[in-house]
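Chain residues, written in single-letter form:
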2 protein chains.
Amino acid sequence: MKPIRGVYNPAALSQVKALVFDTFGTVVDWRSSLIAELNAFGRRRGLSADWPLLVDEWRAAYRPSMDRVRRGEQPWTILDALHRQSLERLVASFRIEGLSAADLDELTGAWHRLHPWPDVPEGMRRLATRYFLGPLSNANVSLLVRLRKFGGLPWDVILGADLWQRYKPDPETYQGACRLLGLRPAEVMLVAAHNDDLRAARAQGLCTGFIPRSAEYGPRQTRDFEAEEPWTVVASDLQDLASLLSV
Amino acid sequence: MKPIRGVYNPAALSQVKALVFDTFGTVVDWRSSLIAELNAFGRRRGLSADWPLLVDEWRAAYRPSMDRVRRGEQPWTILDALHRQSLERLVASFRIEGLSAADLDELTGAWHRLHPWPDVPEGMRRLATRYFLGPLSNANVSLLVRLRKFGGLPWDVILGADLWQRYKPDPETYQGACRLLGLRPAEVMLVAAHNDDLRAARAQGLCTGFIPRSAEYGPRQTRDFEAEEPWTVVASDLQDLASLLSV
């Protein structure tokens, strides 16, 4: 039986002072945002392609491209640059022609203009009244700063992978976040829509909050429809998380 | 003749996308805030001492303690820990007795509760409508996150010395800030009440904004009453800076 909505460890939760958020999928709806950007670009430039498929393949390239860095097969490379490399390859395989380097830069920049899910602005605002908030993301800091500004997100700190030159789920990212916040791992809760991210955070002693994002991957989604372990807290979205945390 | 209020390099200014702020003195009034905290602590505990003098000596210990780290005579140590070390020495020399380790921690934490100067909240709010904003400070990130929350400062990113394990005016701090923001140095302006900080930033290619804080050091202040070079812009305070930048 899977955990349903609720606080599974109230004693642990009472120690928490900072909430750090997985960002792509958990905070922002990358898929709809990117499809809209690519559709608009295609119309503007008279290009046609299966943009949703391109977006899905772009995202599918994310984990393997990071894993090459994590295994040391490629030197440290920020996510913006990985996105750019993947896009070059996809544009060729989709036979989209006539794009300049500036076009590819512009399209890669679409990852800086991702819309928050509808519950996020108000949910974050409520959570900010009691907790320190920030992303803990595999994105680079400069991408996250632009997402923060674009979405009006009330983040107190920006924790991006380039601060440690490590990608999640490497332990250095979770430990590094706690160290920069001046908090013990038990005082920090990772909020994520992905069970594997939460497992890695729990292994480092952090509290864990799950919210499902069942539409993150569109019709292709196969996982993370529900919490797979009794995380510290399980909520339906950020507004609901704020309610469960009584803020 | 000293530069007076104005924009000295409009062409350079038009390139700027992010404003980074020296924090102690420029953004927050550390002296009045700390004196108030120590006065309250003394009253509560029935201790008397020349608290303003202790605060002035505490701040005077700042530069020498950092310089020991900068010269490699002491391994990397965050500012909170340097403040704590200096306080232990001062408490002994002021013959203040009966303080526990928890008391010293609490007093060191007063550096997390410094009030912004009166022009800061509204000035920052206006500047945030056009620019990315953040501290670029010798404080550690966790101290700055707490200052941000305490003062309600609309910072988009937190740039503290522990990100690079380097203290200003080492070039790595100014360059590191630009790199994390994904901007060229010419796209970043340091705003500071201290001419030497601006000189170091200019040497790294950043734009420079001076605002005087003539009351920063109280009656002991001897310097930085005015801009000593034609910085990119010279304003009377952050509200005035926003006006000169037309936001």
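**Description of the domain arrangement of chain A**
Residues and elements named next belong to chain A.
- Here chain A is partitioned into domain 1 (6-29 + 114-244) and domain 2 (30-112).
- Centre-to-centre separation of domain 1 and domain 2, based on C-alpha positions: 24 Å.
- Domain 1 puts 22 residues into the contact, and the matching count from domain 2 is 14 residues.
- Taken together, the residues that form the side of domain 1 that touches domain 2 break down as 10 nonpolar, six polar and six charged.

**A word on the relation of the copies chain B and chain A**
- The transform that puts chain B on chain A rotates by 180° and translates by 0.0 Å along the axis, for an RMSD of 0.0 Å. Considering both components of the superposition, the chain copies are consistent with a two-fold axis. For chain B, the residue whose C-alpha comes nearest the rotation axis is Val157(B), separated from it by 2.9 Å.
- A share of 100% of the interface residues of chain B reappears at the interface of chain A, consistent with the copies meeting face to face through the same patch.

**Topic: the interface of chain B and chain A**
- Residue-level contacts link 14 residues of chain B with 14 residues of chain A.
- Listed by contribution, the elements that provide at least two residues to the side of chain B that touches chain A are helix H8 (141-151) and helix H9 (171-181) of chain B.
- Examining the composition of the side of chain B that touches chain A, we find that five residues originate from one element, H8(B), more than from any other.

**Observations regarding the sheet that holds strand E1 (residues 6-7) of chain B**
- Reading across from one edge, E1-E7-E6-E5-E2-E3-E4 (chain B) is the order of the seven strands in this open sheet, with mixed pairing throughout. In the strand order of this sheet, the two ends are held by E1 and strand E4 (159-160) of chain B, each with one partner.

**Topic: the environment of Thr108(A)**
Residue and element names in this part refer to chain A.
- By the secondary structure assignment, Thr-108 is in helix H6 (residues 101-108).
- For Thr-108, a count of 21 C-beta atoms within 10 Å gives the class buried.
- Each C-alpha atom, one on Thr-108 and one on Arg-84, is 5.8 Å from the other, the two residues being 24 residues apart in sequence.
- Those residues in contact with Thr-108 that sit more than four places away from it in its chain are Asp-80, His-83, Arg-84 and Leu-87.

**Focus: helix H2 (residues 30-45) of chain B**
Residue and element names in this part refer to chain B.
- For H2, which comprises 16 residues, the first-to-last C-alpha distance of 22 Å matches the rise-based estimate of 22 Å (1.5 Å per residue) to within 8%.
- Those residues of H2 lying buried are Trp-30, Arg-31, Leu-34 and Leu-38. All buried residues of H2 fall inside an arc of 90° around its axis, so they share one side. Seen from the open side of H2, the exposed residues pointing more than 90 degrees away from its buried face are Ala-40, Arg-43 and Arg-44.
- Once H2 ends, the next one or two residues include Gly-46, with phi positive near 65°.

**Re the confidence of the model for chain A**
- Averaged over all residues, the pLDDT of chain A is 97; the fraction at 70 or higher stands at 99%.
- Scoring of the predicted complex yields 0.96 for pTM and 0.94 for ipTM.

**A few points about the nonpolar core**
- Ranked by internal contacts, the top residues of the largest apolar core, which has 144 residues, are Val188(A) and Val188(B).
- Beyond its immediate chain neighbours, meaning those up to four positions away, Val188(B) contacts Val16(B), Ala18(B), Val20(B), Ala177(B), Cys178(B), Leu181(B), Leu183(B), Leu206(B) and Cys207(B).

**Overview of helix H10 (residues 195-203) of chain B**
Residues and elements named next belong to chain B.
- Among the residues of H10, those classed as buried are Asp-197, Leu-198, Ala-200 and Ala-201. Down the axis of H10, the buried set is contained in an arc of 160°. They therefore lie on one face.
- Following H10 by one or two positions, Gly-205 has its phi on the positive side, about 95°.

**Brief notes about unusual backbone geometry**
- Residue Pro169(A) is bonded to the preceding Lys168(A) through a cis peptide linkage, with omega at 10°.
- In this structure, Pro169(A) sits in the loop between strand E4 (159-160) and helix H9 (171-181).
- Even without a glycine there, the phi angle at Arg95(A) is positive, about 55°.
- Tracing the backbone shows Arg95(A) in the loop between helix H5 (79-93) and H6.
- On the basis of neighbour counts, which here come to 7 C-beta atoms within 10 Å, the residue Arg95(A) falls in the exposed class.
- The phi dihedral of Gln165(B) falls on the positive side, at around 55°, and the residue is not glycine.
- Within the secondary structure layout, Gln165(B) lies in the loop between E4 and H9.
- Of the residues examined, Gln165(B) has 13 C-beta atoms within 10 Å and is grouped as partly exposed.

**Notes on the packing of helix H5 (residues 79-93) of chain B against helix H6 (residues 101-108) of chain B**
Residues and elements named next belong to chain B.
- It is the contact of H5 with H6, at a shortest axis distance of 10 Å, that shows an interaxial angle of 125°. Relative to H6, H5 is oriented oblique. As for how H5 packs across H6, the hand of that crossing is right-handed. Across from Asp-80, His-83, Arg-84, Leu-87 and Glu-88 in H5, the residues of H6 making contact are Leu-104, Leu-107 and Thr-108.
- A per-class count over the contact of H5 with H6 returns three nonpolar, two polar and three charged.

The rules behind the values
Residues numbered from 1 in each chain as written. Chains lettered and ligands numbered in written order. Predicted model: local features only at pLDDT ≥ 70, side-chain atom pairs only at ≥ 80, totals over all residues. Domains from an automatic or database assignment. Contact = placed C-beta atoms within 7 Å. Nonpolar A, V, L, I, M, F, W, Y, C, P; charged D, E, K, R; others polar. Least-squares fit on C-alpha atoms with pLDDT ≥ 70 in both. Helix = DSSP H or I, 4+ residues; strand = E, 2+ residues; numbered from the N terminus. Pairing = 2+ DSSP bridges. Buried ≥ 20, exposed ≤ 12 C-beta atoms within 10 Å, placed from the backbone. Expected span 1.5 Å × (residues − 1). Arc of directions from axis to C-beta. pLDDT = per-residue confidence, 0-100. Core = buried A, V, L, I, M, F, W, Y, C linked by C-beta atoms within 7 Å. Axes fitted to C-alpha atoms, helices over the stretch in contact; angles between N-to-C directions. Parallel < 35°, antiparallel > 145°, perpendicular 65-115°, else oblique. Left-handed = near helix turned anticlockwise from the far one by under 90°.

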